[in-house]
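# Examination of the molecular architecture
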Amino acid sequence: MTLNGERVAGILVAAGSSMRMGRDKVWMDLGGAPLIARPLQVLAQCAMVDDLFVVVAAEAQARAQALLDSLSIAGTVVPGGARRQ
């Protein structure tokens, strides 16, 4: 689907270091699945989203791709930058 003739991309930004929490909350278990699985499923089911990009820490790229594959979600995993900005 397009919006005003343009493709729509969903971007899930999950590359933080979780320093304040003390551990990486993105991968914490929430009802039997990692926390990141919930927003991924919502974005994947959204009819307006044509392309899905998942931004994670560089060391989590393989894990994120494995999660997308296990959920049968087509998406592109990319590494986050050194800083939020």
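In what follows, the structure referred to is the one given above.
Quantities reported herein were computed from a predicted structural model and do not represent experimental measurements. (Residues numbered from 1 in each chain as written. Predicted model: local features only at pLDDT ≥ 70, side-chain atom pairs only at ≥ 80, totals over all residues. Heavy atoms only, no water.)

## Quick notes on the overall build of the chain
- Along the backbone of the chain there are 2 helices and 7 strands.
- N-terminal to C-terminal, the α/β element order of the chain is β-β-β-β-β-α-β-α-β.
- Each principal axis of the C-alpha distribution contributes one length, and for the chain these read about 45 × 30 × 20 Å.
- For the chain, the residues scored as buried account for 26% of the 85 residues in total.
- A separation of at least 24 residues holds for 57% of the contacts in the chain among residues at least 6 apart in sequence.
- For the chain, the accessible area works out to roughly 5,900 Å², and carbon and sulfur atoms hold 55% of it.
- Separation of charge centres in the chain, based on 8 positive and 7 negative side chains, amounts to 12 Å. (Helix = DSSP H or I, 4+ residues; strand = E, 2+ residues; numbered from the N terminus. Buried < 20%, exposed > 50% of the residue type's maximum accessible area, 1.4 Å probe, protein only. Contact = heavy atoms within 4.5 Å. Areas by Shrake-Rupley, 256 points an atom, 1.4 Å probe, with all protein chains shown as cover. Lys, Arg positive; Asp, Glu negative; His and termini not counted. Charge placed at Lys NZ, Arg CZ, Asp CG, Glu CD.)

## Digging into the sheet that holds strand S6 (residues 51-56)
- One open sheet accounts for 3 strands, arranged S3-S6-S7; its pairing is parallel. At either end of the open sheet lies a strand with only one pairing partner, and these are strand S3 (9-14) and strand S7 (76-79). Between one strand and the next, the sheet's axes are offset by a mean angle of 20 degrees, whatever the strand orientation.
- One ladder, built from 4 bridges, connects S6 with S7; its direction is parallel. Counted as the bridge partner of Val56 is Pro79 from S7.
- Where helix H2 (residues 61-70) meets the sheet, it contacts S6 and S7, and its direction lies at approximately 165 degrees from that of S7. (Pairing = 2+ DSSP bridges. Axes fitted to C-alpha atoms, helices over the stretch in contact; angles between N-to-C directions.)

## Section: the nonpolar core
- Ranked by internal contacts, the top residues of the largest apolar core, which has 16 residues, are Trp27, Ile36, Leu40, Val54 and Val56.
- Of all the secondary structure elements, the ones that give two or more residues to this core are S3, helix H1 (37-45), S6 and H2.
- Aside from chain neighbours lying at most four places away, what touches Leu40 is Leu12, Leu52, Val54, Leu67, Leu68 and Ile73. (Core = buried A, V, L, I, M, F, W, Y, C linked by side-chain atoms within 4.5 Å.)

## Here's the deal with unusual backbone geometry
- Here the phi dihedral of Ser72 falls at roughly 55 degrees; this positive angle occurs in a residue that is not glycine.
- As for its placement among the helices and strands, Ser72 is situated in the loop between H2 and S7.

## Looking at the pattern of salt bridges
- Under the defined criterion, the tally for this structure stands at 1 salt bridge.
- In this structure, Arg7 and Asp51 form a salt bridge, with 3.0 Å as the shortest nitrogen-oxygen distance. Of the two residues, Arg7 sits in strand S2 (residues 6-7) while Asp51 sits in strand S6, which places them 44 residues apart along the sequence.
- Under the relative-accessibility criterion, Arg7 is labelled exposed at 55%.
- Take Asp51: its relative accessible area is 29%, and that puts it in the partly exposed class. (Salt bridge = Lys/Arg side-chain N within 4 Å of Asp/Glu carboxyl O.)

## Concerning the environment of Pro34
- On the secondary structure map, Pro34 appears in strand S5 (residues 33-34).
- For Pro34, the contacting residues outside a window of four places in its chain are Val26, Trp27, Met28 and Leu67.

Limitation: the analysis is restricted to geometry and does not speak to function.
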